[in-house]
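# Breakdown of the fold
Next come the chains, spelled out residue by residue.
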Amino acid sequence: MTPNTPTGAGAPAGRSTATPGSAHSARTTTAITHISTLVTNDPSLGEGPLGLIQDAALVIDGDRIAWVGVTSKAPATDSHLDAAGQAVIPGFVDSHSHLVFAGDRTAEFSARMSGRPYTAGGIRTTVAATRAASDEQLEANLLRYLREAARQGTTTLETKSGYGLTPHDEARALRVAAAHTEETTFLGAHIVAPEFADDPAGYVDLVTGPMLDACAPYARWVDVFCEKGAFDRDQAHAILSAGKARGLTPRVHANQLTYGPGVQLAVELDAASADHCTHLTDADVDALASGDTVATLLPGAEFSTRAKWPDARRLLDAGATVALSTDCNPGSSFTSSMPFCVALAVRDMGMTPDEAVWAATAGGARALRRDDVGYLRPGSRADLALLDAPSPVHLAYRPGVPLVTAVWRGGQRV
């Protein structure tokens, strides 16, 4: 359920030693010691909601975390790396991206920065380019952005279809994605396909019938852009319900551009997440706070469209679970950097640094209904990032600085 593409992530960190022969063992244990601040995201293991441990160590056994604690109590292991006072956080969990695409929307971005407002219509440009691309071109592009994300500490990444809008093109997008991450989402309901512009009901029939049949074998999730200019409540309900009937769990693009029914629909259908959540009524906030649907905020989109920022503080104070994600896509948020999104959330969305780090790790895991990633505690996947900083606060304190120096995914340094 994590990206499994080899990447070259950062420069060597700390000092590493290994016992003779350990490199040839089928399964070895590795200790990382002298971690200035270890974020476990488990309050039972350390201080505060992040479960912080100072002068910490952790032990990796195979693809799992076997032990965490203070360095002075670290057990013997086959190999050892001295973090030399750097911080360690769980690998980022990016629970919303659109990485299977072709083409470029630089002109659209330039026009928007010159004053043209953002609408859903630009998606059609990417649809045309994606349909024209070969499978090999789509995969090469996907791998490029998976590697880019990994270098910045992302170890679990969801990605969607949505730029094909035919049964063939949606299925091939998901087939390409499923070779590299298990967190794949069927988004045939991104917009109404151009050839169905005068027959949106016919397109909904296509999405809930032949397109879903073609795509369900490659997807875990079903999503819909419930928004003016895309799909209304009834259409979204039909599409999500059809996906649920095929065993896919709903996610919803909700309340990004206007106030609308997306959030309420997401909670009603027990969607794993309602994503964007920019325009919320009090009833929307109450619904998110009282249900299990995670509010996934995507600050890269607001940054790139000069739109209103989501009010994370309002959601958190109400008791809603909040995740942060990149929304990496070629139109409205062309960033794969989770550290950048953490910095934006702290600067412009009312989150504390600790809240933003939790939302970008454990919060993303909640949005994917996972408890094996987003944490560093015994039994969790050994997905972690080493920071060239003494504290995770530096992710917001030093925006734009490449602080991630090493990444482990499933116990393997990548």
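Bear in mind the structure is a predicted one, so any value in this text is a computation, not a measurement. Starting from 1, residues in each chain are numbered consecutively following that chain's sequence as written. Reporting of local features is limited, given that this is a predicted model, to residues whose pLDDT is at least 70; pairs of side-chain atoms are given and counted only at 80 or more, and all residues count toward the totals for whole chains, interfaces and linings. Note that water and hydrogens are dropped before the side-chain values are worked out from all heavy atoms of the structure.

## Here's the deal with the overall build of the protein chain
For the record, the criterion: Here a strand is any run of E in DSSP of at least two residues, a helix any run of H or I of at least four, and the numbering for each starts at the N terminus. Here the radius of gyration uses the C-alpha set of atoms, whereas the globule reference equals 2.2 Å times the residue count to the power 0.38. For every residue, the accessible area obtained with a 1.4 Å probe (protein chains only) is divided by the maximum for its type, and the residue is called buried under 20%, exposed over 50%, and partly exposed between those limits. In this description, contact between two residues means that some pair of their heavy atoms is separated by no more than 4.5 Å. For the charge count, each Lys or Arg is scored as positive and each Asp or Glu as negative, with His and the chain ends excluded. Charged side chains are reduced to one point each, which is NZ for Lys, CZ for Arg, CG for Asp and CD for Glu.
What the protein chain contains, in helices and strands, is 13 helices and 18 strands. What you see for the protein chain is a C-alpha radius of gyration of 21 Å, in line with the 22 Å of a compact globule of 414 residues. Along the longest, intermediate and shortest principal axes, the C-alpha atoms of the protein chain span 70 × 45 × 45 Å. In the protein chain, buried positions account for 59% of the 414 residues. Summarising the internal contacts of the protein chain: among those between residues at least 6 apart in sequence, 71% fall at separations of at least 24. Side-chain charges in the protein chain split into 34 positive and 46 negative, and the spacing between the mean points of these groups amounts to 4 Å.

## Considering the packing of helix H4 (residues 167-178) against helix H5 (residues 200-215)
Keep this limit in mind: To define axes, lines are fitted to C-alpha atoms, for helices over the stretch in contact only, and angles between the resulting N-to-C directions are given on a 0 to 180 degree scale. To sort the angles, those under 35 degrees are grouped as roughly parallel, those over 145 as roughly antiparallel, those from 65 to 115 as roughly perpendicular, and the leftovers as oblique. Crossings are sorted by hand: turned counterclockwise from the far helix by less than a right angle, the near helix makes the crossing left-handed, and turned clockwise it makes it right-handed. Gly falls in the polar group here, along with every residue not listed as nonpolar (Ala, Val, Leu, Ile, Met, Phe, Trp, Tyr, Cys, Pro) or charged (Asp, Glu, Lys, Arg).
Remark: H4 packs on H5, axes separated minimally by 8 Å, with the N-to-C direction vectors making an angle of 40°. Relative to H5, H4 is oriented oblique. In this structure, H4 crosses over H5, and the sense of that crossing is right-handed. Packed against H4, whose contacting residues are Pro167, Glu170, Ala171 and Leu174, the element H5 presents Leu206, Pro210, Met211, Ala214 and Cys215 at the interface. Along the lines of polarity and charge, the residues of the contact of H4 with H5 split into 8 nonpolar, no polar and 1 charged.

## As for the pairing of strand E13 (residues 273-276)
This is how the line gets drawn: In this description, strands pair whenever DSSP reports at least two bridges between them. When the strands point away from the viewer, a crossover counts as right-handed if the route from the first strand across the helix to the second turns clockwise.
Relative to E13, strand E12 (residues 249-254) is paired through 3 bridges, and the arrangement is parallel. Residue pairing for E13: His253 is matched across the bridge by Asp275. Traced from E12 through helix H7 (residues 262-268) to E13, the parallel crossover comes out right-handed. Pairing of E13 with strand E14 (residues 294-297) involves 3 bridges; the strand directions are parallel. Bridged to Ser273 within E14 is Val294. The handedness of the E13 to E14 crossover, carried by helix H8 (residues 282-290), is right-handed.

## A few points about the state of the cysteines
Stated formally: Two cysteine sulfurs form a disulfide in these notes if their separation is within 2.5 Å.
Under the counting rule described, the total for this entry stands at 0 disulfides. Cys226 provides the cysteine sulfur closest to Cys277, a residue in no disulfide bond, and the two sulfurs are 12 Å apart. Judged by its relative accessible area of 1%, Cys277 falls in the buried class. The thiol of Cys341 is unpaired, and the distance to the nearest cysteine sulfur, on Cys328, comes to 9.2 Å. Judged by its relative accessible area of 0%, Cys341 falls in the buried class.

## Re H5
Our working rule: Expected helix span is taken as 1.5 Å per residue step, with the number of steps being one fewer than the number of residues. Two axes enter the bend calculation: one fitted to the seven residues ending at the residue in question, the other to the seven starting there, and the bend is the angle between them.
Between its first and last C-alpha, H5 extends only 20 Å over 16 residues, short of the 22 Å set by a 1.5 Å rise per residue. When the local axis directions of H5 are compared, the greatest deviation, roughly 40°, occurs at Val207, which is followed within four positions by the proline Pro210. For H5, the set of buried residues is Gly202, Tyr203, Val204, Leu206, Val207, Gly209, Met211, Leu212 and Cys215. Next to the buried residues of H5 lie H4, strand E10 (184-189) and helix H6 (233-245).

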